[in-house]
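Coordinates in review
Next come the chains, spelled out residue by residue.
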Amino acid sequence: MAQPSTVSPATLLKDELDIVIPTIRNLDFLEMWRPFFQPYHLIIVQDGDPSKTIKVPPGFDYELYNRNDINRILGPKSSCISFKDSACRCFGYMVSKKKYIYTIDDDCFVAKDPTGKDINALEQHIKNLLSPSTPFFFNTLYDPYRDGADFVRGYPFSLREGVPTAVSHGLWLNIPDYDAPTQLVKPLERNSRYVDAIMTIPKGTLFPMCGMNLAFNRELIGPAMYFGLMGDGQPIGRYDDMWAGWCTKVICDHLGLGVKTGLPYIWHSKASNPFVNLKKEYKGIYWQEELIPFFQSVTLPKDCTTVQQCYIEISKQVKAKLSKVDDYFNKLADAMVTWIEAWDELNPSGAKPAELSKVASK
């Protein structure tokens, strides 16, 4: 029988979790999140003009990094961190020393559940991360570890322990996370459907990971959470979280780790300009038709037993197989290697390597 956790997750992880926020503006939105975020340490990654002063409401414990700081800390390796794009957030993952990361965009507000109660998104993410995932066999009652649920008849008992959860992918009410063409044909569409469900994404299945309401176990999967080369000087944007999600899912599948999606919801307040988005996305819209089959066919050698080893192997395959799509992928593959080198320099003991689970090695 699946046993739900009885601990208070928010209290348990107060000193084990950093909240990473990329921004170009004053962080007034934190006032709404104060009841939930104030006990935690914030890492703010300021994009754009480093001479601009970002104001943070009083009472929050935070450190703030701008582009000058990134250049100073990483030196020549700072080339792997995107500029003028929210992909810069992954610098915060690199400098964190905590076990868990929650990242949120500054246009995401506190949502309400169907009863009108404010949703503590962070607490739900922590619950997701602290309970196992079930990637090898789908449970039709979704997450069996939640209160009021369990494994259904016919679910193999040998798989009921589950595997460690590396990623918790949350969703959004109000403005959906659509691509530019969908935005253009559905300009007034809003998501008002609150689905009270959490599920493990099955092994072998990719998904479009959105970075605006996302939590992960940094020790298990941190080095794979590279948001690529986007924004200033690059031919593509708005695929930063997608790239990280594809790489992360392939590595989680290989290492026997789980990825959950569903609750919690946040309230996405602001629709971005679809014409600006189209300019950023248009190459990606074409490229993804080749990128997805690539990631679906990636295989990693058994001797790749750490996230870093897996990631370097994917970078080699990116260079070998995607450079024919565009020379950008040669540059991206090199940046992936630089990212891992920079990660290991700032984390000399390395994130604790995620070893292949017993289930995955069967």
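Residues numbered from 1 in each chain as written. Predicted model: local features only at pLDDT ≥ 70, side-chain atom pairs only at ≥ 80, totals over all residues. Heavy atoms only, no water.

Along the polypeptide, Arg 34 turns up in helix 2 (residues 30–37). Only 3.0 Å separates the side chain of Arg 34 from the side chain of Glu 31, close enough to count as a polar contact. Engagement of the side chain of Arg 34 in a polar contact is seen with the backbone oxygen of Pro 58, the distance being 2.8 Å. In this view, Arg 34 contacts Pro 39, Pro 57, Pro 58, Gly 59 and Phe 60; residues no more than four positions away in its chain are not counted. (Helix = DSSP H or I, 4+ residues; strand = E, 2+ residues; numbered from the N terminus. Polar contact = N/O pair within 3.5 Å; in protein donor to acceptor, adjacent residues only side chain to side chain. Contact = heavy atoms within 4.5 Å.)

Moving on to the side chain of His 125. Tracing the backbone shows His 125 in helix 5 (residues 121–130). According to the relative accessible area criterion, His 125 is buried, its value standing at 1%. Polar side-chain contacts of His 125 include one of 2.7 Å to the side chain of Ser 168. Once residues lying within four places of it in the same chain are set aside, the contact partners of His 125 are Tyr 102, Ser 168, His 169, Gly 170, Asn 213, Leu 214, Ala 215 and Pro 264. (Buried < 20%, exposed > 50% of the residue type's maximum accessible area, 1.4 Å probe, protein only.)

Under the defined criterion, the tally for this structure stands at 15 salt bridges. Between Glu 189 and Lys 186 there is a salt bridge; the shortest N-O distance is 3.7 Å. The class of Glu 189 is partly exposed, set by a relative accessible area of 28%. On the basis of relative accessibility, which here comes to 39%, the residue Lys 186 falls in the partly exposed class. As a salt-bridge pair, Glu 281 and Arg 238 come within 2.5 Å of each other at their nearest N and O atoms. Here the residue Glu 281 occupies a position in helix 9 (residues 274–297), and Arg 238 occupies one in the loop between helix 7 (218–221) and helix 8 (240–255), the gap between them amounting to 43 residues. Overall, Arg 238 belongs to the partly exposed group, its relative accessible area being 25%. (Salt bridge = Lys/Arg side-chain N within 4 Å of Asp/Glu carboxyl O.)

A word on the packing of helix 8 against helix 9. Between helix 8 and helix 9, the least distance of the axes is 10 Å, while the angle of their chain directions is 15°. The angle between helix 8 and helix 9 places the two elements in the roughly parallel class. The interaxial crossing formed by helix 8 with helix 9 has right-handed handedness. Contacts from Trp 243, Trp 246, Cys 247 and Val 250 in helix 8 reach Gln 288, Leu 291, Ile 292 and Phe 295 in helix 9. Of the residues in the contact of helix 8 with helix 9, the class split is seven nonpolar, one polar and no charged. (Axes fitted to C-alpha atoms, helices over the stretch in contact; angles between N-to-C directions. Parallel < 35°, antiparallel > 145°, perpendicular 65-115°, else oblique. Left-handed = near helix turned anticlockwise from the far one by under 90°. Nonpolar A, V, L, I, M, F, W, Y, C, P; charged D, E, K, R; others polar.)

Right, let's get into the packing of aromatic side chains. Enumeration over the complete set of coordinates arrives at 20 aromatic pairs. With a centroid separation of 5.0 Å and an interplanar angle of 35°, the aromatic rings of Tyr 194 and Tyr 265 are classed as tilted. Taken together, the residues span a long stretch of sequence, with Tyr 194 in the loop between helix 6 (180–185) and strand 7 (198–200) and Tyr 265 in strand 9 (residues 258–268) at a distance of 71 residues. For Tyr 194, a relative accessible area of 26% gives the class partly exposed. Within the aromatic cluster, the residues linked to one another by ring pairs are Trp 243, Trp 246, Trp 287, Phe 294, Phe 295, Tyr 328 and Phe 329. For Arg 160, the ring lying beneath its charged end belongs to Phe 157, and the centroid distance is 3.7 Å. (Phe/Tyr/Trp six-rings, centres within 6.5 Å; stacked < 30°, edge-to-face > 60°. Lys NZ or Arg CZ within 6 Å of the ring centre and 35° of its normal.)

With that settled, the discussion passes to the environment of Lys 260. Secondary-structure assignment places Lys 260 in strand 9. With 181 residues separating them along the chain, Lys 260 and Ser 79 place their C-alpha atoms 32 Å apart. What Lys 260 contacts, discounting residues up to four positions off in sequence, is Asn 128, Ser 131, Pro 132, Ser 133, Asp 143, Thr 165, Val 167, Ser 168, His 169, Ile 198, Met 199 and Thr 200. Side-chain polar atoms of Lys 260 contact the backbone oxygen of Asn 128, separated by 3.3 Å.

Where helix 10 (residues 307–322) meets helix 11 (residues 328–346), the axes come as close as 8 Å, and the angle between the chain directions of the two elements is 165°. In terms of orientation, helix 10 and helix 11 fall into the roughly antiparallel class. For the element pair helix 10 and helix 11, the recorded crossing hand is left-handed. From helix 10, Gln 308, Tyr 311, Ile 312, Ile 314, Ser 315, Val 318, Lys 319 and Leu 322 reach across to helix 11, where they touch Phe 329, Asn 330, Ala 333, Asp 334, Met 336, Val 337, Trp 339, Ile 340, Trp 343 and Asp 344.

This part covers the nonpolar core. Counting 68 residues, the largest nonpolar core has Tyr 226, Trp 243, Ile 251, Tyr 311, Ile 314, Phe 329 and Trp 339 as the members making the most contacts within it. Ranked by residue count, the leading element in this core is helix 11, at 10 residues. With 30 residues, the next largest nonpolar core counts Leu 17, Leu 30, Val 110 and Ala 215 among its residues. (Core = buried A, V, L, I, M, F, W, Y, C linked by side-chain atoms within 4.5 Å.)

Turning our attention to the confidence of the model for the protein chain. In the predicted model, the protein chain carries a mean pLDDT of 94, and the fraction of residues at 70 or more is 93%. Below pLDDT 50 for its whole length, residues 350–362 participates in 27 contacts with residues either more than four positions away or in separate chains. (pLDDT = per-residue confidence, 0-100.)

As a further point, take helix 2. Among all positions of helix 2, only Leu 30, Trp 33, Arg 34, Phe 36 and Phe 37 are buried. Where helix 2 is buried, its residues meet strand 1 (17–23), strand 2 (41–46), strand 4 (100–104), strand 5 (108–109), helix 5 and strand 9.

In this section: helix 10. Here helix 10 contains 16 residues, and its C-alpha end-to-end distance of 21 Å stays within 8% of the 22 Å for a straight helix at 1.5 Å per residue. What helix 10 keeps buried is the set Val 307, Gln 308, Cys 310, Tyr 311, Glu 313, Ile 314, Ser 315, Gln 317, Val 318 and Leu 322. Those residues of helix 10 that are buried lie in contact with helix 7, helix 8, helix 9 and helix 11. (Expected span 1.5 Å × (residues − 1).)

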